[in-house]
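This is what each chain is made of:
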Amino acid sequence: RPAQAATGDANSAADGGCAVPPKDLRRLRVSGSCGKLGSNRRLQCEYTTGGYHALSAISALNLGADLVHVMCAPDAASVIKTYSPELIVCPGLDPERLLERMDAVVLGPGLGRCSQLSRLIDGSTRFLMAYGFLCESLRNDDIPALQSAILTPNMVEFSRLCESALGVHDVLNIKDQNQLQDLAARLSSHLNTSLFVKGKVDIITSPDGNVVIGDEEGCPRRCGGQGDVTSGTLAMFLLWASRNLSGSEAKLAAGLASSQLVRRCAKLAFSSIGRSMITTDLISNIPVVLQEIDKGK
């Protein structure tokens, strides 16, 4: 395309100032607002999110999980294993073997579209799942039973679910927080499952209409992988809460705990690193926040 005419002060262009995004990152609330880049490598597959699965698993370990298994495509296993020696990496997707050994399961982005994984959804294990498989089911009017699951969409995914399930369009243009909460409650009731809607304010719902809000101060940075930290910590909090509370109450309590933890970690990481913060910086602050919580008890 023809180059756009350059405008602005020549000196600011010379020192690179015009090439730096605004300091006030609060205006850029969606992951990718500061840029989405591609790296061309000689790989057999077009796209892999193996690193994000590792982020979720490592977050659970940092929170206090004793053992974390990562089930993945065989080609990705050796790479994921290099992220941490503590990860138990299992090549292949075998739902029966997974269910037999786990207290909680996180179905990651991409895996949620695999029809084989629908067999995982029953009442015996706590689940957190991506929205992809559900979107495909909604299009086919075949909604799976999700009583044991917590669905964790971001705002873009939430808007697509509202469109598929409720026929509500342009959700991303809704600015009123109360309206978003009402939509989340309607969607949760329609799907008969709990939701953790990630956004500027986290919305945690249960199918019976209860809603709690995670609005603790976090950070304006939205780097890729932050949602995977939420899924890993949410799985652990859900397991622990389920030992003391009923199903619906446990999910609300776990959602609020995960929201507060991740937001505090993000705030600490951003305060020390700024716009260069990445998700691993957030994860490194999980032990710090846990120590603060323990001291406050």
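An unreviewed UniProt entry lists the chain under the name ATP-dependent NAD(P)H-hydrate dehydratase, from Parelaphostrongylus tenuis. Reading the Catalytic activity (unreviewed entry) entry of the UniProt record for the chain gives the comment "(6S)-NADPHX + ATP = ADP + phosphate + NADPH + H(+)".

In terms of regular secondary structure, the chain is built from eleven helices and eight strands. Taken across its 297 residues, the chain has 44% of its residues classed as buried. Here the contacts in the chain between residues at least 6 apart in sequence split such that 53% fall between residues at least 24 apart. Working note: accessible area of the chain is about 16400 Å², and carbon and sulfur atoms make up 49% of it.

Turning to the confidence of the model for the chain, a few remarks are in order. Parts of the prediction with low pLDDT should not have their coordinates interpreted in detail. Overall, the predicted model of the chain reaches an average pLDDT of 76, with 66% of residues at or above 70. Below a pLDDT of 50 lies the segment residues 36-48, which in the model reaches one contact outside its immediate sequence neighbourhood of four places, other chains included.

Turning to helix α6 (residues 155-166), a few remarks are in order. With twelve residues, α6 ought to run about 16 Å at 1.5 Å a step, and its terminal C-alpha atoms sit 15 Å apart, in line with that. Taken together, the buried positions of α6 are occupied by Glu157, Phe158, Ser159, Leu161, Cys162, Ala165 and Leu166. The residue sitting at the N-terminus of α6 and contributing the capping side-chain oxygen is asparagine 154; that oxygen lies 3.1 Å from the backbone nitrogen of valine 156. Among the residues trailing α6, glycine 167 stands out with phi positive, at a value near 70 degrees.

By size, the foremost hydrophobic cluster in this structure holds 41 residues, and its most contacted members are Ile80, Leu87 and Leu282. Breaking this core down by element, the ones donating at least two residues are α2 (50-63), β1 (69-72), α3 (74-81), α8 (226-242), α9 (247-273), α10 (279-284) and α11 (286-296). For this core, the element with the most residues is α9, which contributes eight residues. The next biggest cluster of nonpolar side chains, apart from the first, holds 17 residues, and it includes Leu151, Leu161, Cys162 and Val168.

Relative to the elements of secondary structure, leucine 183 occurs in helix α7 (residues 177-191). Assessed through its relative accessible area of 5%, leucine 183 is described here as buried. The spacing of leucine 183 and leucine 166 is 17 residues in sequence and 8.9 Å in space, taken between C-alpha atoms. Aside from chain neighbours lying at most four places away, what touches leucine 183 is Phe158, Leu166, Val168, Val171 and Ile174.

Okay, the environment of valine 201 next. For valine 201, the location among the structural elements is in the loop between β6 (194-197) and β7 (202-205). Residues valine 201 and isoleucine 213, twelve residues apart in the sequence, show an inter-C-alpha distance of 6.8 Å. Apart from the residues within four sequence positions on either side, valine 201 is in contact with Gln177, Ile213, Gly214, Asp215 and Arg263.

Okay, the side chain of serine 59 next. Here serine 59 shows up in helix α2. Beyond its immediate sequence surroundings of up to four residues, serine 59 is in contact with Val229, Thr233, Ile283 and Ile286.

The next point concerns the packing of aromatic side chains. In total, this model carries one aromatic pair according to the counting rule given. For the pair phenylalanine 237 and tryptophan 240, a centre-to-centre distance of 6.0 Å together with 80 degrees between the ring planes defines the contact as edge-to-face. With phenylalanine 237 and tryptophan 240 both in helix α8 and three residues apart, the pair spans about one turn of that helix. Overall, the relative accessible area of 16% leaves phenylalanine 237 in the buried class.

Turning to the pattern of salt bridges, a few remarks are in order. All chains considered together, the criterion is met by three salt bridges. A salt bridge links lysine 267 to glutamate 217; the shortest N-O distance between them is 3.2 Å. You can see lysine 267 sitting in helix α9 and its partner glutamate 217 sitting in the loop between β8 (211-214) and α8, a full 50 residues away along the chain. Taking the relative accessible area as the measure of exposure, lysine 267 reaches 39% and is therefore partly exposed.

Time to look at the pairing of β8. The sheet contact formed by β7 and β8 spans four bridges and is antiparallel. Looking at the pairing, isoleucine 204 lines up with valine 212 of β8. Hairpin connection of β7 to β8: five residues between the antiparallel strands, including glycine 209 at a positive phi of 100 degrees.

Before going further, it helps to examine the packing of α9 against α11. Where α9 meets α11, the axes come as close as 9 Å, and the angle between the chain directions of the two elements is 115 degrees. Here α9 and α11 pass one another in a crossing that is right-handed. Residues Leu261, Arg264, Cys265 and Leu268 of α9 form the contact with α11, whose own contacting residues are Ile286, Val288, Val289, Glu292 and Ile293. Classifying every residue of the contact of α9 with α11 by side-chain character gives seven nonpolar, no polar and two charged.

Even without a glycine there, the phi angle at aspartate 170 is positive, about 55 degrees. Along the chain, aspartate 170 turns up in the loop between α6 and α7. A positive phi angle, near 55 degrees, is found at asparagine 192, a position not held by glycine. Looking at where asparagine 192 falls in the secondary structure, it is placed in the loop between α7 and β6.

Conventions used here
Residues numbered from 1 in each chain as written. Predicted model: local features only at pLDDT ≥ 70, side-chain atom pairs only at ≥ 80, totals over all residues. Heavy atoms only, no water. UniProt positions renumbered as here; feature names shortened; annotations may be inferred. Helix = DSSP H or I, 4+ residues; strand = E, 2+ residues; numbered from the N terminus. Buried < 20%, exposed > 50% of the residue type's maximum accessible area, 1.4 Å probe, protein only. Contact = heavy atoms within 4.5 Å. Areas by Shrake-Rupley, 256 points an atom, 1.4 Å probe, with all protein chains shown as cover. pLDDT = per-residue confidence, 0-100. Expected span 1.5 Å × (residues − 1). Polar contact = N/O pair within 3.5 Å; in protein donor to acceptor, adjacent residues only side chain to side chain. Core = buried A, V, L, I, M, F, W, Y, C linked by side-chain atoms within 4.5 Å. Phe/Tyr/Trp six-rings, centres within 6.5 Å; stacked < 30°, edge-to-face > 60°. Salt bridge = Lys/Arg side-chain N within 4 Å of Asp/Glu carboxyl O. Pairing = 2+ DSSP bridges. Axes fitted to C-alpha atoms, helices over the stretch in contact; angles between N-to-C directions. Left-handed = near helix turned anticlockwise from the far one by under 90°. Nonpolar A, V, L, I, M, F, W, Y, C, P; charged D, E, K, R; others polar.

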